[in-house]
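Structure at a glance
Here are the chains, one letter per residue:
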Amino acid sequence: MLRLFTFLFASAVWSLPAHAAGPALATLAERSGFTQTGRYDEVIALCEAFAQAYPRSVRCIDFGTSPEGRAMKALVASTSGALDAATARQRGLPVVLIQGGIHAGEIDGKDAGFLALREILEGTAAKGVLDRLVWVFVPVFSVDGHERFGAWNRPNQRGPEQMGWRTTAQGYNLNRDYLKADAPEMQAMLALIEEWDPLVEVDLHVTDGAKFEHDVSIQVEPLHAGDPALRTVGRAWRDAVIGDLAAQGSLPLPFYPSFVVDDDPASGFEDGVAPPRFSHGYFWLRNRLGMLVETHSWKPYSTRVRITRNTVLSVLGQVDRHGSQWLQVTRDADRRAARIGGVEQALAFKAGERKRMIDFRGYSYTRTPSAVSGALMTHYDETTPQVWTVPLRDEVRAVVSVSAPRGGYVVPAAHAAAVGELLRRHGVAFNRLAAQAGADVETFRATEADFASVSTEGRQRLALKGQWKAERRDIGAGALFVPIAQPKSRLAMAILEPQAPDSLASWGGFNNAFERKEYMEDYVAEEVARDMLARDPSLKSRFERRLREDPAFAADKAARLDFFYRLHSAWDERYNLYPVMRIDHLPR
Ligand SMILES: [Zn+2]
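The structure presented is a predicted model; accordingly, all values stated were derived computationally and were not measured.

**Examining the overall build of the protein**
- Scanning the protein from terminus to terminus reveals 15 helices and 19 strands.
- In terms of principal-axis extent, the alpha carbons of the protein reach across some 95 × 65 × 40 Å.
- Scored against the burial criterion, the 588 residues of the protein give a buried share of 54%.
- In the protein, the proportion of contacts linking residues at least 24 apart, taken out of those at least 6 apart, comes to 78%.
- As displayed, the protein has an accessible area near 25,500 Å², and 52% of this comes from carbon and sulfur atoms.
- Of the side chains in the protein, 71 bear a positive and 73 a negative charge, and the two mean positions are spaced by 3 Å.

Shown next, in the form of structure tokens:
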């Protein structure tokens, strides 16, 4: 009952006519009753219009240019007097980065953000919330994608009538690009993040998926991963925003509502930690907070914009109240992160097998054979709410872990340019090393290198197995040293640990090292093998024992010849050797 009351109250406030509140700063969405959304020229115009209407509280900035030549716009909003990053930093003000349209078809964030900003500045909502923080608002991240405008770009979404497209003009899904940063738009975003160092980042989306009553999901990291004290902050922030939304009549979820088994509601849900290709899997590596907001695609656009606007106001309210304390936790986390050398670190996570049953507000549905697909089809009856009691697996644990290097990473000169450029974009510190013969290092030699058979985001991914082992190798001139003793130590590991889910190696950045490049002709290998057998009786007995005990080996001509080739000085000792090394000490 209480919930019903607050919901009706919120709806009544919501239905105030738009023109009562500054039509010049209203979006097409608002003026059309949330049936349409504007084109990108509206963003450019509104950015300027807000800055002109509120010159002491809003600045309109360009932070990049898209591949199709569009200006990437952000609004910097604060009533604290700090409208540039240096002043914000100097005064210790928390910075909130909120972005819409990373997937440009899911455009709720743009219209909700403009609405929330106007209401705050007019004092009709969250009055004074910008007095002690700086809000950097990117209405549309994927600006070229936004202008690939059409009516059916989101077939499983109710409104607006037309919207943008999921990927950039170059075909990148920006929410897979945080770590590798291939897209110029992402490179611009990382520069914006480096400049402002936001305490929290909020990424506004719309789900795909099934039909049910829940209208929004809120996921935060650090919560399962990263600095322990920051996890506590992350959980408090998530729970507070969920609490605010519930009090306003929403049915928020703390996990992404996609079924464990596609199209099968009975299979339930699982929580996890997204890998750092995603926004909310990225910020914990910087000891900052990231939130993924997903409104439910089947709610009408007006409802989704209202919920997104509520979320934005809740986020700002939480940072207004707790931001200075949370900033202190991030500063401490930065110091702690510089001391993880030698300590086991989780690189990838998954929900464990343990499940608990939850009540989920779904609709009545049927699963019947389909003449179209020849398989079971699901049909939801949106007129009949039904509580589903389904399993949720939310005991998230590490599935890939490795000890951090005690000293840091050594990137050989041959790879210094490309790796250095990426590290610089992420603000990971490194310096140049002097040459050193016979250095004590750790190397990673892959025992398995599994190339993906399909392309992902334009790259051929590579899964590696193996481990770091002590070895003595030369460090040539021009190598880079990436110290683990820095605040972004976890980010350095995410990029440079070969088994991390979004490392450079996993995205195919070192594929050459795992391709066999040199061969010994079979007839040469035959001669070499005969020579070796004649010279080394113990080798001969090892070979003969292998033939007896390993029938697969005995039947494999290439393996039998390789048995000798691998022991010969002609064998390529760099085959399957990951070029980046680790050292235990600070270099001289
Ligand atoms: Zn999305």
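**Section: the packing of aromatic side chains**
- Scanning the model with the defined rule gives 28 aromatic pairs in all.
- Measuring from centroid to centroid gives 5.1 Å for Phe255 and Phe269, while their planes differ by 40°, and the two rings are tilted. Of the two residues, Phe255 is situated in the loop between strand E7 (252-253) and strand E8 (269-270) and Phe269 in strand E8; the sequence distance between them amounts to 14 residues. Phe269 carries the same exposure label as Phe255, and that label is buried.

**Some words on the state of the cysteines**
- Under the criterion given, the structure shown has one disulfide.
- Across a sulfur-sulfur distance of 2.1 Å, Cys47 and Cys60 are joined as a disulfide pair. Handedness here is read from the sign of the S-S torsion; for Cys47 and Cys60, about 115°, the answer is right-handed. Here Cys47 is found in helix H3 (residues 40-53), whereas its partner Cys60 is found in strand E1 (residues 58-65), with 13 residues between them in sequence. No difference in accessibility class separates Cys47 from Cys60, as the two residues are buried.

**A look at the side chain of Thr308**
- Here Thr308 is to be found in helix H9 (residues 301-337).
- Every residue in contact with Thr308, bar those within four places of it in the chain, is listed here: Asp108, Gly109, Ala112, Leu204 and Thr295.

Procedures and definitions
- Residues numbered from 1 in each chain as written.
- Predicted model: local features only at pLDDT ≥ 70, side-chain atom pairs only at ≥ 80, totals over all residues.
- Heavy atoms only, no water.
- Helix = DSSP H or I, 4+ residues; strand = E, 2+ residues; numbered from the N terminus.
- Buried < 20%, exposed > 50% of the residue type's maximum accessible area, 1.4 Å probe, protein only.
- Contact = heavy atoms within 4.5 Å.
- Areas by Shrake-Rupley, 256 points an atom, 1.4 Å probe, with all protein chains shown as cover.
- Lys, Arg positive; Asp, Glu negative; His and termini not counted.
- Charge placed at Lys NZ, Arg CZ, Asp CG, Glu CD.
- Phe/Tyr/Trp six-rings, centres within 6.5 Å; stacked < 30°, edge-to-face > 60°.
- Disulfide = S-S within 2.5 Å.

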